[in-house]
Amino acid sequence: MDKFRMMFQFLQSNQESFMNGICGIMALASAQLYSSFEFNCPCMPEYNYSYGIGMLVIPPIWFFLLGFVLNNNVSMLAEEWRRPLGQRGKDPTVLRYMFCSISQRSLIAPAVWITVTLMDGKSFLCAYSMDLEVSQFGNTSGFSEEDLTRLLAKIPCKHLFDGQDVLSREAATRYLRCVSQAFGWLFLLLITLTAFMIRAIRPCFTQAAFLKTKYWSHYIDIERKMFDETCTEHAKSFAKVCIQQYFESISGEMRSFHRQRSDDSDDDDDDDDRHKSDEDKLLGIRAQDDMNKVLWNWHTCKPALSLRKYDVSGEANISASTGQNGLINGHAHHEDSIQKKEWAVYYSKV
Amino acid sequence: MDRLKLVLQYFQSNSESISNGICVILALISVKLYTSFDFNCPCIPQYNKMYALGVMFVPPIILFLLGVLINRHTGVMMEEWLRPEGNRAKNPAVVKYLFSAMMQRALLAPMVWVLVTLLDGKCFICAFSMSVDPKHFTGMPNTTGLDLVRILAKVPCKEDIIFRNTTFRKAVSRYLRCYSQAIGWSILLFLILLGAGARLVKPCFNHAAFLQTRYWSNYLDIEQKLFDETCVLHARDFARKCVVQFFEGMREDEVVRLPLSYGLRPRKGRAEDEEEEEEHLHGITRQEQVDHLLHTWHQCKPELDVTKIAYRPKVCITWEDHNGHTLFSDV
């Protein structure tokens, strides 16, 4: 149990390695599925080809679609593609990058299935046994076309084959399996070469642009998670404050403004902090209409990617006009090379 | 469990040892692939050699390409080779060192495949059974009506009926397997001698320069990793602030003119937390700034000089009340 937990934590620590983990699991599942699947060639001229090729081609399509379904980033891609422009431009290269990385991961399980099928040879044998050149494997001069085709179709089935003295079944099987394995190795070489071209040669062309698209696609993913987290926290605080207000309105007492904490009682301090931090977590959104507006605008009008500078109290809307006793004097300057705090003078009403 | 954790930690501590670990795993995968692959000699004169040599040499090419792909140093090397010079001069010795390290690691799995193939012998028998001189072996079946080449081509196939009552097939197979194993062991011996010789002789040639190139290639790898990590932390912080800013922008503007109540005073703990959080932003707060930063990282890498940041002066704060008495001081 411990081992699984550790492996799970390691995989979840990084979004990319989690996706790679899913990808690896699907590849193993595809190999296991092939080995547990009982291949059953019909050995009839009309159906051999469709069955053989169907077994080769349809499960990969299924695995590819399953890869898309299991990948969390698909909904993120769709959302980013369909959203209105809002205050933030759309970058087509980021969309393309996200689509490419999703497709690449989804293509691994189908490739494993096709490779294993070709290396094993059964489906190739089933599909192409009727296209064999019989002169190499035996003497079939006395046979009509139809009889010959029916005999060839029975080659994949050891127990049904009844032409041992005419045609050497083992030699024909061996030949077809050899061709199938050759195709399998060529297919593997081709996809490895393609992956090599894409991965190793790509830095020659677009390295700087690549760093940018990688950053922004990762950013979109994290932003979505942060938004969900913030909404959850907001909902919790909203609910707490709402319930508190309701109780207060029933009981008639106002507890908010008379907190002079001269004596330290730990519980009261904690309550005070918790209440304050709940208020803080509300981030100023205190009504249903406001929250609805937040959620609506998040999709229809995404904010610009530009942060305002924060002042020390964290409340950007407190008027920082001087002259009034007790207000903070201006806000801290954020300069790139020096630390934020400066020589400051603080007036307080003691 | 603890032991496994220790082993994993050891391997992850050093980027070179990670590459070594991956290289060994790929070699083990190559052995496993060979044992699970069902070798299937066609036993037909025209195709034997092609099939057998294909099986002996195509998978090593695939394993080599995989080895290059999986290696982290490939990306580091390509980036260092292709980047514009910027503020940092390029060192060709580092690129050469990275290239040779990558090549050595990528060549291990193909070599393992070729050696396992030769030591097992099936490929060799399939490819060269027709080149054997049958006069050295007794019991060749000559009643089947097939010519010599075809009979010899069928030697790798055990089940064939023409060899049922003779020892010819077994004798030829044994001879060819022995040949194949001899070649395999010689190649292994040669490779080991080459490796040992290179290791012994290398310190004689310019060891000091070697230490420098090894340091700087390790540095490049670590720098790349740290840049990626910093980008990730930055994106996280950027996203958090962007979302909070979005929420706050939705509410109605309030202007509050109150005396500074207890609740609105900056608490030291909170300010410190915010400072820790904002550390990740490093002043980069807009999309154009991020784009410019990423573009410059590749086009114009910074010089290798961190004196300014290592020795930057710490700013101290003193709080005074209106009479000039010190309330609090960092000094």
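Keep in mind the model is a prediction, meaning the values are calculated, not measured. (Residues numbered from 1 in each chain as written. Chains lettered and ligands numbered in written order. Predicted model: local features only at pLDDT ≥ 70, side-chain atom pairs only at ≥ 80, totals over all residues. Heavy atoms only, no water.)

Draft legend 1. Just the environment of Ala209(A), in detail. Mapping Ala209(A) onto the fold places it in helix H10 (residues 203-251). In this structure, the C-alpha to C-alpha distance between Ala209(A) and Ala195(A), residues 14 residues apart in sequence, is 20 Å. (Helix = DSSP H or I, 4+ residues; strand = E, 2+ residues; numbered from the N terminus.)

Draft legend 2. Expanded view of the domain arrangement of chain B. All names here are of chain B. Domain boundaries in chain B define domain 1 (10-204) and domain 2 (217-252 + 276-330). For the pairing of domain 1 and domain 2, the buried interface totals around 1,500 Å² over both sides, and the portion due to carbon and sulfur atoms is 51%. Three residues stand out in domain 1 for area buried against domain 2, namely Arg72, Glu79 and Arg88, and they jointly supply 40% of the buried area on that side. Linking domain 1 to domain 2 there are 2 salt bridges. A salt bridge links Asp221 to Arg72, with the nearest nitrogen and oxygen atoms 2.9 Å apart. If you list the elements that add at least two residues to the side of domain 1 that touches domain 2, you get helix H4 (72-82) and helix H5 (92-106). Ranked by the residues each element gives to the side of domain 1 that touches domain 2, the list is headed by H4, at 5 residues. Looking at the side of domain 1 that touches domain 2 residue by residue, the classes come out as 5 nonpolar, 4 polar and 5 charged. (Domains from an automatic or database assignment. Buried area = accessible area lost by both parts, 1.4 Å probe. Salt bridge = Lys/Arg side-chain N within 4 Å of Asp/Glu carboxyl O. Nonpolar A, V, L, I, M, F, W, Y, C, P; charged D, E, K, R; others polar.)

Draft legend 3. Examining the confidence of the model for chain A more closely. Residue and element names in this part refer to chain A. Across chain A, the average pLDDT comes to 76, with 76% of residues at 70 or higher. Taken as a whole, residues 256-267 scores under 50 in pLDDT and shows 6 contacts with residues more than four places along the chain or in a different chain. Taken as a whole, residues 311-350 scores under 50 in pLDDT and shows 60 contacts with residues more than four places along the chain or in a different chain. (pLDDT = per-residue confidence, 0-100. Contact = heavy atoms within 4.5 Å.)

Draft legend 4. Seen up close, the side chain of Asn71(A). All names here are of chain A. The residue Asn71 is located in the loop between helix H3 (48-70) and helix H4 (73-82) in this model. Polar side-chain contacts of Asn71 include one of 3.2 Å to the backbone nitrogen of Asn73. Contacts of Asn71, omitting those with residues within four sequence positions, involve Met19 and Ile102. (Polar contact = N/O pair within 3.5 Å; in protein donor to acceptor, adjacent residues only side chain to side chain.)

Draft legend 5. Spatial organisation of the nonpolar core. Membership of the largest hydrophobic core comes to 37 residues, with the highest contact counts inside it found for Tyr215(A), Trp216(A), Tyr219(A) and Phe247(B). When residues of this core are traced back to their parent elements, those giving at least two are H4, helix H5 (92-106), H10 and helix H12 (288-300) of chain A together with helix H10 (207-250) and helix H12 (287-299) of chain B. Discounting residues that sit within four places of it in the chain, Phe247(B) has contacts with Phe227(A), Thr230(A), Cys231(A), His234(A), Leu283(A), Ile285(A), Met291(A) and Val294(A). Among the nonpolar cores identified, the runner-up in size contains 35 residues, and Cys178(A), Phe124(B), Val132(B) and Ile151(B) belong to it. (Core = buried A, V, L, I, M, F, W, Y, C linked by side-chain atoms within 4.5 Å. Buried < 20%, exposed > 50% of the residue type's maximum accessible area, 1.4 Å probe, protein only.)

Draft legend 6. Focus on the packing of aromatic side chains. Taken as a whole, this structure holds 28 aromatic pairs over all chains when the rule is applied. Consider the rings of Phe68(A) and Phe99(A), whose centres lie 6.4 Å apart with planes at 50 degrees: the pair is tilted. Here Phe68(A) is found in helix H3, whereas its partner Phe99(A) is found in helix H5, with 31 residues between them in sequence. For Phe99(A), a relative accessible area of 43% gives the class partly exposed. Residues Trp216(A) and Phe238(B) carry aromatic rings whose centres are separated by 6.3 Å and whose planes lie at 50 degrees to one another, so their mutual orientation is tilted. Of this pair, Trp216(A) sits in helix H10 while Phe238(B) sits in helix H10, placing the two residues on different chains. Overall, Trp216(A) belongs to the buried group, its relative accessible area being 5%. (Phe/Tyr/Trp six-rings, centres within 6.5 Å; stacked < 30°, edge-to-face > 60°.)

Draft legend 7. Layout of the domain arrangement of chain A. All names here are of chain A. Here the domain parsing of chain A yields domain 1 (2-204) and domain 2 (213-291). If you look at the interface, domain 1 gives 12 residues, while domain 2 gives 10 residues. Summing both partners gives a buried area of about 940 Å² for domain 1 against domain 2, and 60% of it is carried by carbon and sulfur. If you sort the residues of domain 1 by the area they bury against domain 2, Met76, Val94 and Tyr97 come out on top, with a joint share of 47%.

Draft legend 8. Representation of the pairing of strand S2 (residues 326-329) of chain B. Residues and elements named next belong to chain B. Here strand S1 (residues 318-320) pairs with S2 via 3 bridges, running antiparallel. Counted as the bridge partner of Trp319 is Phe328 from S2. Between the antiparallel neighbours S1 and S2 lie 5 residues, among them Gly324 with a positive phi of about 95 degrees. (Pairing = 2+ DSSP bridges.)

Draft legend 9. Spotlight on the pattern of salt bridges. A complete count under the given rule lists 14 salt bridges over all chains for this structure. One salt bridge connects Glu80(B) with Arg83(B), and the closest N-O pair in it is separated by 3.1 Å. There is no split in this pair, since Glu80(B) and Arg83(B) are both buried. Each of Glu146(A), Asp147(A) and Arg150(A) takes part in one network of salt bridges that share partners.

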